[in-house]
Amino acid sequence: MKHLITPSIKSRFVSLALSFAPSAVVFGLWSWGALASLGSVFVVGRGEASTQPQWWVAALLIAAAGMGAGFAVERAGGRRGLLFVGAALAVLCAASFAVSALLRIDILFAPMLLAALASALVVQVRRLWIVDTELTRNLQRVARRASATEACAANVRLSGGLKLLDTVLPLKEAVVFSLDSAGVPAPAARLRSDAQGSAAAETNRNSAWREGVKLCERAVRTGEIVIQPDLTASQAEGGCPSIVVVPLRHAGRAVGALLVRLREEFDETDRPLLKNVSAQLARDLQRDEARAQAAPADSATLYSARAAEHRLESFHMIAGLLIEQGFAAHALSEASDGHAVAYLDGTIAYVNQPMLAAARLTEKDGARLDLFGLLDRFRAGVFDEPSIAVRRVLQTGDAYERELPFPDRNQTLELRIALITESRREHNGQGALVVEPLCLAVTVRDVTRIKEYEKLKSDMISLMSHELRTPITSINGFAELLAMDDTLPESTREFLTIISSESQRLTRMINTFLAVTQLEQKDRQEVLKIPLMLDDVVRETINSMQPVAKRKRIRLVEREGGKLPPVAADRSLITQVVTNLVENAIKYSPERTAVTLSTALEADAVRVTVEDRGYGIPPEAVDRVWEKFYRVARDGHDKEEESTGLGLSFVREVVEQHGGEVALESEVGRGSKFSFTLPRL
Ligand code: ADP
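Residue indices follow the written sequence of each chain, beginning from 1 at its first position. Two thresholds apply to this predicted model, a pLDDT of at least 70 for residue-level local features and 80 or more for giving and counting side-chain atom pairs, whereas whole-chain, interface and lining totals are computed over all residues. Hydrogens and water are ignored here; the side-chain numbers use all heavy atoms of the structure.

Colleague: So what's going on with the pattern of salt bridges? Residues and values would help.
Modeller: Definition used for salt bridges: Asp or Glu carboxyl oxygen within 4 Å of a side-chain nitrogen of Lys or Arg. According to the stated counting rule, one finds 26 salt bridges in the structure shown. Glu454 serves as the salt-bridge partner of Lys451, at 3.4 Å between the closest nitrogen and oxygen. Placement of the pair is Lys451 and Glu454 together in helix H17 (residues 448-483), with a separation of three residues, close to one helical turn. Among the residues examined, Lys451 registers a relative accessible area of 27% and is labelled partly exposed. Each residue is assigned to one of three classes by its accessible area relative to the maximum for its type, calculated with a 1.4 Å probe on protein chains only: buried under 20%, partly exposed between the two thresholds, exposed over 50%. Judged by relative accessible area, Glu454 falls into the partly exposed class, the value being 37%. Across the pair Glu502 and Arg505 runs a salt bridge, and its minimum N-O distance is 3.5 Å. Within this pair, Glu502 and its partner Arg505 are both found in helix H18 (residues 490-521), separated by three residues, close to a single helical turn. The exposure class assigned to Glu502 is partly exposed, which follows from its relative accessible area of 42%. Secondary structure follows DSSP: runs of H or I at least 4 residues long count as helices, runs of E at least 2 residues long count as strands, and numbering of each begins at the N terminus.

Colleague: Please provide a residue-by-residue account of the side chain of Ser500, values included.
Modeller: One can find Ser500 in helix H18. In this view, Ser500 contacts Asn476, Ala479 and Glu480; residues no more than four positions away in its chain are not counted. Contact criterion: two residues are considered in contact whenever any of their non-hydrogen atoms come within 4.5 Å of each other.

Colleague: So what about the sheet that holds strand E4 (residues 242-250)? Which residues, and what values?
Modeller: Strands sit in the order E2-E1-E5-E4-E3 across an open sheet of five strands; the sheet is antiparallel. With partners counted over all chains shown, the strands left at the sheet margins are strand E2 (185-192) and strand E3 (226-229), one partner each. In this sheet, neighbouring strand axes are inclined to one another by 20° on average, regardless of whether the strands run parallel or antiparallel. With seven bridges joining them, strand E1 (residues 171-179) and strand E5 (residues 253-262) adopt antiparallel strand pairing. We call two strands paired when DSSP finds no fewer than two bridges between them. What counts as an axis is a line fitted to C-alpha atoms, over the stretch in contact for a helix, and the angles between N-to-C directions run from 0 to 180 degrees.

Colleague: Which residues make up the nonpolar core, and what values go with them?
Modeller: Ranked by internal contacts, the top residues of the largest apolar core, which has 43 residues, are Ile574 and Phe676. Ranked by residues supplied to this core, first place goes to helix H20 (residues 571-587) with eight residues. Those residues in contact with Phe676 that lie beyond four places of it in its chain are Val577, Val578, Leu581, Val606, Arg607, Val608, Val655, Glu661 and Val662. One finds Phe378, Leu415, Ile417 and Leu440 within the second-largest nonpolar core, a separate group that totals 29 residues. By nonpolar core is meant a set of buried Ala, Val, Leu, Ile, Met, Phe, Trp, Tyr and Cys residues that side-chain atoms within 4.5 Å join together.

Colleague: Which residues make up the site of the ligand, and what values do they have?
Modeller: In these notes, residues near a molecule or strand are those with any non-hydrogen atom within 4 Å of it. Residues in contact with the ligand amount to 19 residues; listed here are only the nearest, Asn584, Tyr588, Asp612, Ser643 and Leu648. In this structure, Gly645 approaches the ligand through a main-chain N or O atom, which is 3.1 Å from an oxygen atom. Using a 1.4 Å probe, the Shrake-Rupley method yields the accessible areas, and only the shown protein chains count as cover for residues. Isolated, the ligand exposes 530 Å² of accessible area, and the fraction of that covered by the protein chains is 98%. Secondary-structure elements contributing two or more residues to the shell around the ligand are H20, helix H22 (647-657) and strand E17 (671-679). Looking at the shell around the ligand element by element, the count peaks at three residues for H20. Amino acids outside the nonpolar list (Ala, Val, Leu, Ile, Met, Phe, Trp, Tyr, Cys, Pro) and the charged list (Asp, Glu, Lys, Arg) are all regarded as polar, and Gly is one of them. The residue makeup of the shell around the ligand, split by class, is nine nonpolar, seven polar and three charged. In the analysis that follows, any N or O atom pair within 3.5 Å is treated as a polar contact, provided that within protein one partner can donate a hydrogen and the other can accept it, and provided that, for residues neighboring in sequence, both atoms belong to side chains.

Colleague: Describe the sheet that holds strand E15 (residues 605-612), listing the residues and the values that go with them.
Modeller: Pairing is mixed in the open sheet, where five strands are placed in the order E12-E14-E15-E17-E16. A single partner strand is all that each edge strand has here, and the edge strands are strand E12 (555-559) and strand E16 (661-667). Strand-to-strand twist across the sheet, computed as the mean angle between neighbouring axes with direction ignored, equals 15°. The strands that H20 touches are E12, strand E14 (594-601), E15 and E17; relative to E17, the one it contacts most, it runs at about 170°.

Colleague: Give me the environment of Asp376: which residues, what numbers.
Modeller: Checked against the element boundaries, Asp376 lands in helix H14 (residues 371-376). Residue class for Asp376 comes out partly exposed when judged on its relative accessible area of 36%. Between the C-alpha atoms of Asp376 and Ala359, which are 17 residues apart in sequence, the distance is 8.9 Å. Within the structure, Asp376 has its side chain in polar contact with the side chain of Arg379 (distance 2.9 Å).

Colleague: Explain the packing of helix H3 (residues 55-76) against helix H4 (residues 78-103) residue by residue, including any values.
Modeller: For the pair H3 and H4, interaxial distance at closest approach is 7 Å and the crossing angle is 145°. For the pair H3 and H4, the sense of crossing is right-handed. Within the contact between the two elements, H3 uses Ala69, Ala72, Val73 and Ala76 and H4 uses Gly78, Arg80, Gly81, Leu82, Phe84 and Val85. When its residues are assigned to classes, the contact of H3 with H4 shows seven nonpolar, two polar and one charged. We call a crossing left-handed when the near helix sits turned anticlockwise from the far one by less than a right angle, and right-handed when that turn is clockwise.

Colleague: Quick rundown of the pairing of E3? Include the residues and the values.
Modeller: Of the two faces of E3, the one lined by Val226 and Gln228 is fully buried and the one lined by Ile227 and Pro229 carries no buried residue. Pairing geometry for E3 and E4, over four bridges, is antiparallel. Pairing of Val226 across the sheet is with Val245, part of E4.

Colleague: Can you lay out the packing of aromatic side chains for me, pointing to particular residues and giving the numbers?
Modeller: The criterion for an aromatic pair is that two Phe, Tyr or Trp rings (for Trp, the six-membered ring) have centres within 6.5 Å, with stacked assigned to planes under 30 degrees apart, edge-to-face to planes over 60 apart and tilted to the rest. On inspection of all chains with the given rule, the structure shows five aromatic pairs. Seen from their ring centres, Phe177 and Trp209 are 5.5 Å apart, and the 50° between their planes marks the pair as tilted. Note that Phe177 is positioned in strand E1 and Trp209 in helix H7 (residues 199-222), a separation of 32 residues in sequence. Classification of Phe177 by relative accessible area gives buried; the value is 2%. Centre to centre, the rings of Phe383 and Tyr400 are 5.7 Å apart; their planes meet at 45°, and the pair counts as tilted. You can see Phe383 sitting in the loop between H14 and helix H15 (386-396) and its partner Tyr400 sitting in strand E8 (residues 400-406), a full 17 residues away along the chain. According to the relative accessible area criterion, Tyr400 is buried, its value standing at 10%.

That's the geometry; what it means functionally is another story.
See the structure below:
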């Protein structure tokens, strides 16, 4: 067995010094002659006088035996040390007989034996005392920490439990009794629903109380629920109210009793209810008691029965807390999503039934499962290497999330792997904040229905949009035709032009919308990707957007980003992305400002940035501008501007389809910086 407390050099010296003391006492006794009769047992030839060594040799022999035994116990531990000491003493005993028989010399075996045993005992007691002190200190610390982390004091919880009973039962009075050291019930928490005032009622109450205490004692003694008619109440109120006493037991030990006076007769179906609430009350009560007991001073713990009792209380309290800690995991068995908790060594700590079902495992397989065994069950095209996902989570601390399609079983699962950590302050809440990693939580949610619904929705929308396009084309065509008719009055022709331009706008909106929905339905692999130089795309866009920019006297500037590697992308989609960003930059900037386009190489991606000195976007809208149909409300916003709230959702959709990311930094009144990355080839 490994030593719990590694002895230091200092501790070894203390042990040696301690074992010297009994040796000195034994030497004193020997010189005084007190050990003569004992000594004669171990020498042969009792009648004849055998030579005794000189006093200093005797002192050395006794000290050597005592300190040797002390050292052996200190080094090798109690049991093994005593084995060595026993063997050495057996040899010495034999030597004593032999030497006394042959040479008539007494080698002082008896004093040596006494010194060795006494020293071994003293050193062993000291070792036990050190371990015990450490154990007590740790136990107290854990118990203290446990009570500090609890949401509220245990007696508050006791009253809470009584209130719960009051809510669910026709309660007149409920009392939780704790047992004092003599086993006599004393009230720990009490709740009364009726307010009685008269003197007669008060005397009535006193006899009822005594009766109640007696019932509690009976319940505690028998360990059974006691139910009987409440005679004190029945005369006054009629009917047949009951009095019920439930013994409270925690960790196999009686800690108190719950007395309940009901307004009605006890309903047998309430028996499990009372039992369930009592289990919690027992835990609360025990914790209350453990906390109330003052911790004895450290020094006397090994020899004090009170200290030992206190330790036992603390231990029971921790046991109760452990049970409560497990509640969260048990509650997860009720969840409809799959949940698994894995320790950071990959052992599965908990897995619920829906998770086993999603992983297509039986309960028996679940017992033998480890983290990777579980994740392997979810291998899919987009999740082909679980180890990489876990590695990333452990490296960054960020959760890993993926939607996993399983076409063979017509199912889409959403997988999430997250690192659970706990932040706490060191040194009793005063020191630095430490983040302690605890475990990995794996969640699997079946999103098949949601996906189907989303697909249905977008299918319907695109169908409708297609259907809308045909009538709009006719409206636009005929309006344009009519507008060319010179015979019509000027104002009519103006209206016709408005009809035509508005219907064109509607067509553009529908087209963008269709493009976004089509992209959403596409798989990543479906987008046609060819090697593409992003700086070329930027230059082309600047050229094509120049006329629009000039109209607002805005300067389009390109900032060179050095030589760039190509990316794999669909040229027309990416050109549309850059165009959308530049269009927005121009649209949401005042006249005579500049819009800067730049490209830059990052670790494994190329970034394109479009920066303007425009109106900017308020912080609360920054994350939302990418949503479909989202438009930022701005004071003095030009209503004439064509705005659909679709441009940026198209940008994000395209970029994510290509495996890139979009980003936005913006400050109201100073401008915005939109950028996106695409993985380099
Ligand atoms: P649209 O421009 O058609 O309204 P977008 O999806 O392109 O739709 O943009 C969404 C919203 O984001 C816009 O309504 C606008 O308010 C805001 N926005 C986009 N780009 C910029 C920009 N460069 N500066 C300020 N606001 C912007």
